[in-house]
There are 2 protein chains.
Amino acid sequence: MKAEIITIGDEILIGQIVDTNSAWMAEELNKIGVGVTQITSISDTPVHLVNALDDAQLRADVILITGGLGPTKDDRTKKVLAEYFQSSLVCHKPTLEHVTAFFTRRGLGVNQLNKDQALVPECCEVLHNPSGTAPGMWFENNEKIFVSMPGVPFEMKSIMLEAVLPRLKKINGGGVIVHKTVQTIGIPESILAEKLEEWEDALPDFIHLAYLPNPGQIRLRLSAFGNDETQLRKAVELEIEKLKKIIPEAIFGYNNDTLAVVVGKMLMEKKATVATAESCTGGQIAHSITSVPGSSGWFKGSVVAYSNDIKTDVLKVNPNDIEKHGAVSEQVVRQMADGVRKLCNADYAVATSGVAGPDGGTEEKPVGTVWIAVASPVETIAQKFTFSNNRERNIIRSSQTALDMLRLVLENK
Amino acid sequence: MKAEIITIGDEILIGQIVDTNSAWMAEELNKIGVGVTQITSISDTPVHLVNALDDAQLRADVILITGGLGPTKDDRTKKVLAEYFQSSLVCHKPTLEHVTAFFTRRGLGVNQLNKDQALVPECCEVLHNPSGTAPGMWFENNEKIFVSMPGVPFEMKSIMLEAVLPRLKKINGGGVIVHKTVQTIGIPESILAEKLEEWEDALPDFIHLAYLPNPGQIRLRLSAFGNDETQLRKAVELEIEKLKKIIPEAIFGYNNDTLAVVVGKMLMEKKATVATAESCTGGQIAHSITSVPGSSGWFKGSVVAYSNDIKTDVLKVNPNDIEKHGAVSEQVVRQMADGVRKLCNADYAVATSGVAGPDGGTEEKPVGTVWIAVASPVETIAQKFTFSNNRERNIIRSSQTALDMLRLVLENK
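Reading the values: the criteria
- The numbering scheme is per chain: residues are counted from 1 as the chain's sequence reads.
- Each chain is given a letter, starting from A, and each ligand a number, starting from 1, according to the order in which they appear as written.
- In view of the model being predicted, local features appear only for residues whose pLDDT reaches at least 70, and side-chain atom pairs are presented and counted only at 80 or more, with totals across whole chains, interfaces and linings using the full set of residues.
- In this description, a line fitted to the C-alpha atoms serves as the axis of each element, helices being fitted only across the stretch in contact, and the angle between N-to-C directions of two axes falls anywhere from 0 to 180 degrees.
- The helix and strand labels rest on DSSP assignments: H or I over at least four residues marks a helix, E over at least two residues marks a strand, and numbering proceeds from the N terminus.
- If an angle is under 35 degrees, it is roughly parallel; if it is over 145, roughly antiparallel; if it lies from 65 to 115, roughly perpendicular; otherwise it is oblique.
- For any helix crossing, the convention is left-handed if the near helix is rotated counterclockwise from the far helix by under a right angle, and right-handed if that rotation is clockwise.
- Here, residue contact means that the backbone-derived C-beta atoms of the two residues sit within 7 Å.
- For two strands to be treated as a pair, DSSP must find at least two bridges joining them.
- We superpose the copies by least squares over the C-alpha atoms of residues that have a pLDDT of at least 70 in both of them.
- Every C-beta atom is placed from the backbone, and the number of other C-beta atoms within 10 Å of a residue's own sets its class: buried at 20 or more, exposed at 12 or fewer, partly exposed in between.
- Here the bounds of each domain stem from an automatic or database domain assignment.
- Three residue categories are used. Nonpolar comprises Ala, Val, Leu, Ile, Met, Phe, Trp, Tyr, Cys and Pro, charged comprises Asp, Glu, Lys and Arg, and polar comprises the others, including Gly.
- Summary of the metric used: pLDDT quantifies the predictor's per-residue confidence within the range 0 to 100.

Undergrad: Sorry, what's going on with the packing of helix α8 (residues 189–201) of chain B against helix α9 (residues 229–246) of chain B here?
TA: The relative placement of two packed helices comes down to the angle between their axes together with the axis-to-axis distance. All names here are of chain B. The interhelical angle for the contact between α8 and α9, taken along N-to-C directions, is 150 degrees, at an axis separation of 11 Å. Considered as vectors, α8 and α9 are oriented roughly antiparallel to each other. In the packing of α8 onto α9, the handedness of the crossing is right-handed. On the side of α8, the interface is formed by Lys195, Leu196 and Trp199, while α9 contributes Lys242, Leu243 and Ile246.

Undergrad: How do you make sense of the sheet that holds strand β12 (residues 251–254) of chain B when you look at a structure like this?
TA: The strands that make up a sheet are held in pairs by hydrogen bonds between backbone atoms, and each pair lies either parallel or antiparallel. All names here are of chain B. Read across the open sheet, the four strands follow the order β10-β11-β9-β12; overall the sheet is antiparallel. The outermost strands of the open sheet, each flanked by one partner alone, are β10 (207–214) and β12. Going across the sheet, the axis of each strand differs from the next one's by a mean of 25 degrees, ignoring polarity.

Undergrad: Looking at this model, I keep getting lost on the relation of the copies chain A and chain B. Mind explaining?
TA: The relation between the two copies of this chain is a rotation about an axis and a shift parallel to it. Between chain A and chain B, which share one sequence, the superposing operator has a rotation angle of 180 degrees and an axial displacement of 0.0 Å; the RMSD is 0.1 Å. In the structure described here, the two chain copies are related by an operation that fits a two-fold rotation axis. The fraction of interface residues of chain A whose copies in chain B are also interface residues reaches 99%, indicating that both copies meet through the same surface.

Undergrad: Can you help me understand unusual backbone geometry in this one?
TA: For residues besides glycine, phi is generally negative; the peptide bonds are generally trans as well. Gly357(A) connects to Pro358(A) through a cis peptide bond whose omega is 0 degrees. Mapped onto the elements, Pro358(A) comes out in the loop between β15 (348–354) and β16 (369–375). Here Lys316(A), not a glycine, exhibits a phi torsion of approximately 60 degrees, which is positive. Mapped onto the elements of the fold, Lys316(A) is located in the loop between α12 (308–313) and α13 (319–325). Backbone geometry at Asn345(B) places phi at a positive 55 degrees, although glycine is not the residue there. Mapped onto the fold, Asn345(B) is located in the loop between α14 (330–343) and β15 (348–354). What makes Asn345(B) partly exposed here is the crowd of 14 C-beta atoms within 10 Å.

Undergrad: What should I look at first to understand the domain arrangement of chain A in this one?
TA: Many analyses report the size of an interface as the accessible area lost when the parts associate. On domain assignment, one finds that chain A holds domain 1 (2–172), domain 2 (176–254) and domain 3 (259–410). Look at where the C-alpha atoms of domain 1 of chain A and domain 2 of chain A centre, and you get two points 35 Å apart.

Undergrad: What am I meant to see in the interface of chain A and chain B here?
TA: Across the contact, 71 residues belong to chain A and 71 residues belong to chain B. Here the element with the most residues in the side of chain A that touches chain B is strand β14 (residues 299–305) of chain A; it accounts for seven residues. Looking at side-chain class alone, the side of chain A that touches chain B contains 34 nonpolar, 25 polar and twelve charged residues. Sheet topology places β14(A) next to strand β14 (residues 299–305) of chain B; five bridges connect them, and they run antiparallel. Directly across from Val303(A), in β14(B), lies its bridge partner Val303(B).

Undergrad: I tried to follow the environment of Val178(B) on my own but got confused; where do I start?
TA: Residues and elements named next belong to chain B. On the secondary structure map, valine 178 appears in strand β9 (residues 176–185). With 24 C-beta atoms counted inside 10 Å, the residue valine 178 sits in the buried group. Spatially, the C-alpha atoms of valine 178 and glutamine 16 are 34 Å apart, while their sequence positions differ by 162 residues. When residues no more than four places from it in sequence are discounted, the contact partners of valine 178 are Ala224, Glu229, Leu232, Arg233 and Val236.

Undergrad: Sorry, what's going on with the confidence of the model for chain A here?
TA: In low-pLDDT segments, the atomic positions of the prediction should not be examined closely. Averaged over all residues, the pLDDT of chain A equals 92, while 99% of them reach at least 70. Model confidence for the complex is summarised by a pTM of 0.77, with the ipTM given as 0.75.

Undergrad: Can you help me understand the pairing of strand β8 (residues 144–149) of chain A in this one?
TA: As a general feature of sheets, a regular strand has side chains that alternate between the two faces. Residue and element names in this part refer to chain A. Within β8, five of the six residues are buried, which leaves the element mostly enclosed by the surrounding structure. Of the strand pairs in this sheet, strand β3 (residues 62–66) and β8 are connected by five bridges, and their pairing is parallel. In the strand pairing of β8, isoleucine 63 is matched with phenylalanine 146. In this sheet, β8 lies alongside strand β7 (residues 136–141) in antiparallel orientation, the contact comprising five bridges.

Undergrad: Could you clarify how one ought to interpret the packing of helix α3 (residues 46–59) of chain B against helix α4 (residues 77–84) of chain B in this entry?
TA: Residue and element names in this part refer to chain B. As a packed pair, α3 and α4 sit with axes 10 Å apart at the nearest point and diverge in direction by 50 degrees. In terms of their interaxial angle, α3 and α4 are classed as oblique. Of the two possible hands of crossing, α3 and α4 adopt the one that is right-handed. Contacts from Pro46, Leu49, Val50 and Leu53 of α3 reach α4 at Thr77, Val80 and Tyr84.

Undergrad: Can you help me understand the environment of Asp75(B) in this one?
TA: Residues and elements named next belong to chain B. Looking at where aspartate 75 falls in the secondary structure, it is placed in the loop between β3 (62–66) and α4. For the pair formed by aspartate 75 and serine 399, sequence separation is 324 residues and the distance between their alpha carbons is 41 Å. The residues contacting aspartate 75, other than those within four sequence positions of it, are Asp44, Gly68, Leu69 and Gly70.

Undergrad: Explain the sheet that holds β3(A) here, please?
TA: Strand order in this open sheet of twelve strands is β6(A)-β7(A)-β8(A)-β3(A)-β1(A)-β2(A)-β2(B)-β1(B)-β3(B)-β8(B)-β7(B)-β6(B), and the pairing throughout is mixed. Of all strands in the sheet, those bounded by a partner on one side alone are β6 (125–127) of chain A together with β6 (125–127) of chain B. Across this sheet, the average inter-strand angle for adjacent strands is 20 degrees, counted without regard to direction. Two strands pair when backbone bridges link them, and strand β1 (residues 2–8) of chain A and strand β2 (residues 35–42) of chain A are joined in this way by seven bridges, in the parallel orientation. Opposite Ala3(A), over in β2(A), you have Val36(A) as the bridge partner.

Undergrad: Is there a simple way to explain the pairing of β16(A) in this structure?
TA: All names here are of chain A. Most of β16 sits out of view: seven of its seven residues are buried. Both faces of β16 are covered, namely the face carrying Thr369, Trp371, Ala373 and Ala375 and the face carrying Val370, Ile372 and Val374. Bridge count for β15 against β16 is six bridges, and the pairing is antiparallel. Bridge pairing in β16 places glycine 354 opposite valine 370. Pairing between β16 and strand β17 (residues 380–386): seven bridges, direction antiparallel. Residue pairing across strands places valine 370 opposite phenylalanine 385, the latter belonging to β17. Following β16, the chain reverses through four residues before pairing antiparallel with β17.

See below:
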């Protein structure tokens, strides 16, 4: 079974929003063995949607459509779908009751725009939207399935998880794709490709390898195609075991593991805690840590020391060292790590101090210069890095590198 | 002039990465009056790319292609393009020199995979890639323009900004689209639509309105189509003036303004500073503030007080109040705001304490319960909110609401 995704909305085509829905949908479809052949973003005009529907059903068995179902006048998907399937719009009573209850519960009245959310093409099957007022719609036509859902991500996700994916899984039956991604950090893509060439060439035919580069990280995705999920998983694991021997220190996790998740697991195993002192990363390390559910079990807290006062007053950095060596220096970043470790009574601490940009660079310390320290019960280490001239990327690279240095300390590497 | 964007790579179709390139490209194209008719994500297979190229040139004048130019074996775009334009691959000497210098500067050797980056179809014009090793390629065929660029975002952006956009602008000449987005917060979409119905119906024909909802925020995008940019801008501003009178308190900014940017401007005007004390938001407020270049001028720092020790030891919250009222309470969040304001010697402070989830909820304080406080030189205010049961959304909503409360305090509203 092959699927296509059509996202509707001028906001994607003028670049106002990034289409995050499609990536989520594609990943969920892959999990049930449904490959995605194409993702198409089109404008909210009837003729464009009709053409996209005509094209998509030539390539795919299932066409998933998101967007254009809001209560406002710029949303026209429902009307176009009714015409496309030669059906008329009728009021769906359970949806009307749901919409009314939805607003009543929030102490709000129901206006005509809200009531119109309950109008659906007569030929469709309505899919309940537990998170919002626009229902999903399931159409079957010429042995093809068409599903229309709202574009609001959490509403789309509810409908997909509760109705669409279970049904498609049942219809699809056999045929499996198994993906596993190996997360690596610290080796540039071309050098990695050279190291892995022999291994890659020896992969079995049914396993496909892809390199997915991110700033500072390369993900290696292995995809195995076949019918027996257990066999495919075994074959993928076998290849990963070989890979581990080639690049042992660079692999930090698998699939959607983030460095924060991996570090958190290691700390929990050691029953240890961590704190962070952040200057140039400005809270990004704390944010990536606290995005992990349950991080309160191993994360004590963070001091974002953006001004020098806070470095000296809160983290007890020696003001003479700031004066003498500058805030971006080995002396200061070590004291920041030691200071926050003591302040928060944590077992481990990481600290960052650098020039994120766009301003603040000097000849000696250009934009992108970052000092990172990791303090442990045994010792405090510090290292200097030179990243790029882009603020956003410097913040991300610094945060990742700090967490990776902590990982290596926790692994005793 | 109409454009289409084709992104190549299985990683998008299996949902491993979100396509952020297209949104950026679409926005930049719109700025020079080039509308985007469709964005298509396809797999890295020759037949799919050929079909997508055939289709796209029926609808558009310019086809921008990203991805599939990496040094590794899963990248096949260059070979397919050479065949599509009936050309052969030849070595481009300046690119080979650039690639060699690129690796030498980093103290690395050049391998065959790197050298192959300099192979390009003979019929194309090479576009220099200052940020990486894969060059861009410009093709002209049957009065259509095709541009192929690497998929790595900052490499693509360099080539677009330095070569592609200036050329397209010159070729395109007249015909302008003017967009302006009004950022609102605090009014749900359907209520906003009702409030704005009369204004929306009275908009001139050449101005189009779109509602773009985000968690807790609705952006209103006005798009004006015509030939005279000055006239279009005037017409859009006139409509925004009318809008301001209908929803004065809900508008916090325009276009890509974030709450952090807006709050930063207000603080700079007042020559004032802010600090944050974050429990449930875990550094997200500090991170969104420090993502703004120049924020070191008005942001002192943050204490991410994830454990109660830090609330009492660092922020000087009374331990009895935590005992009596719990960490998620008005008493505690007020003391957090006052404490961090004093600690960081800031003029203003915001503090958050809540149950982000998925665990930690009780009957009295379910997941989504959040207390937010804002301290100013005059007074400290606090408010309770009940958001959702989704951790990620609770963190975002809480951070936005905290910054919006600060905005209203700074506006004396």
